[in-house]
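Structure assessment
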Amino acid sequence: MRVCHLHLNSYRNYDHLDLKVTSQLCVIVGANAQGKTNLLEAVYYLATARSFRAHKDDELIKHGVDEAFLGCTVDREVNPSEIRIRLTRNRPKQITVNARPLRRHLDLFGHLNVVTFSPDDLQLVKGGPGERRRFLDMELSQVSGAYRHDIATYQRVLRQRNNLLKEISERRADPELLQAWDLQLLDTGCRIMARRATAVKQLAHFARLVHHEITRGGERLTIRYRPFFGSTDEVGEGEWEDSESLRARFAKEIKRLRQFEMRRGLTLVGPQRDDLEFLINDQDVRSFGSQGQQRTCVLATKLAEIEFMRAQTGMYPVLLLDDVMSELDENRRHYFLGTVSGRVQTFITATGLETFPQEFLSQSQVIRIVRGKLS
Ligand SMILES: Nc1ncnc2c1ncn2[C@@H]1O[C@H](COP(=O)(O)OP(=O)(O)OP(=O)(O)O)[C@@H](O)[C@H]1O
Ligand SMILES: [Mg+2]
């Protein structure tokens, strides 16, 4: 899929932007603080209805104005989509796809799929488990409506179960009431975990191939799903396909942690505590990997994510690259641009053009941004 038209009004430092995207490769150049990342953020927002850096939607509205507008046309093999989002201060946002208002923001997913890559993504390896779960959820939410639905249901069940546990810990509710919530936690939780496990297997497969090529066969990358109850080794390869054993394992944890949960007033079991492991030649990248190895690991994971999404949907997502050229060495830069160019629509920001190979630039649309305007 590709974005062929982008339209912004009173968004961040843009008064008005009308951009016709004419190439698979779009290079966004400008000095610092001119609006390059803002532009990528706009595309991301049109795909997910959330920002990759703002905490509140209001931050996206231009200072001194009350309403912002974002719109884009997405070209795909079958039906093109027209996505429009209106943001109004202190009001819920309004989203339409092909002029039809969306009842739930969740339904925006899937119309435009994106993969982002920026220096901050190093956190995927170095940061806490929350970063890795967010990565997994983002990837899976974009390709699976069922997953999105399960995540939304799970969050609701978790919130309610936590409320009840809190009341039990304060002796204001009957512990018997937990059983109904246990069952819902188990049902939805197991579906989420099974989906994550299969996805990670596929992702790991792609990532290993890419990583093998980047390191010219020197290193072996392993990505493993780590369910909340411990390593997958313990469960045994293949057992994930058998939902009964997953269910039994989950149920056992609910029982085992019952007393702790009632004392703490908090749910301690479930996929909100899952994690991912990255290993290079069987060593944990987070603890033992060099900075360069960690970067390569993230790069391979991101490239694998693109392949994963295509395998799932039949279409490549749109790639949003913020400031990555300066981070990669010559060899990785070439590999990276070579893999994506011609296949994946790519928006890439940079402060100058000197880091781009000539053959890449000759196929690109170059956009210059100065203080929120095309120049
Ligand atoms: N809501 C807003 N209203 C007006 N201006 C805003 C708003 N939000 C951010 N900005 C401005 O946008 C600019 C930052 O834009 P952006 O982060 O896209 O820069 P950039 O071109 O990516 O720079 P760098 O090269 O440093 O990463 C800042 O000057 C900031 O003040
Ligand atoms: Mg920036």
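First, a word on scope: everything that follows refers to the structure included in this document. (Residues numbered from 1 in each chain as written. Chains lettered and ligands numbered in written order. Predicted model: local features only at pLDDT ≥ 70, side-chain atom pairs only at ≥ 80, totals over all residues. Heavy atoms only, no water.)

Describing the overall build of the protein chain
A count of helical and extended segments in the protein chain gives twelve helices and 15 strands. In terms of C-alpha radius of gyration, the protein chain reaches 22 Å, essentially the compact-globule figure of 21 Å for 375 residues. Taken along the three principal axes of its C-alpha coordinates, the protein chain extends 65 × 55 × 35 Å. For the protein chain, the proportion of its 375 residues judged to be buried stands at 54%. (Helix = DSSP H or I, 4+ residues; strand = E, 2+ residues; numbered from the N terminus. Rg over C-alpha atoms; globule rule 2.2 N^0.38 Å. Buried < 20%, exposed > 50% of the residue type's maximum accessible area, 1.4 Å probe, protein only.)

Quick look at the sheet that holds strand β3 (residues 25-29)
Through backbone hydrogen bonds, the strands of a sheet pair up, either in parallel or in antiparallel fashion. Read across the sheet, six strands follow the order β8-β12-β13-β3-β14-β15 without closing on themselves; strand pairing throughout is mixed. In the strand order of this sheet, the two ends are held by β8 (114-117) and β15 (373-374), each with one partner. Bridge count for strand β14 (residues 364-370) against β15 is two bridges, and the pairing is antiparallel. Across the sheet, the residue bridging to I369 is L374, located in β15. (Pairing = 2+ DSSP bridges.)

As for empty space enclosed by the protein
Applying the stated criterion to the full structure yields one cavity of 30 Å³ or more. In this model, the largest cavity occupies a volume close to 80 Å³. F117, S118, P119, D121, L122, R295, V298, V324, E327 and L328 are the residues that line the largest cavity. Per-class residue counts for the lining of the largest cavity are six nonpolar, one polar and three charged. (1 Å grid on protein atoms, 1.4 Å probe; cavity = no way out; pocket = protein on both sides within 12 Å on 5 of 7 lines; lining within 4 Å. Points joined across faces, edges and corners; volume = space filled by probe spheres on them. Nonpolar A, V, L, I, M, F, W, Y, C, P; charged D, E, K, R; others polar.)

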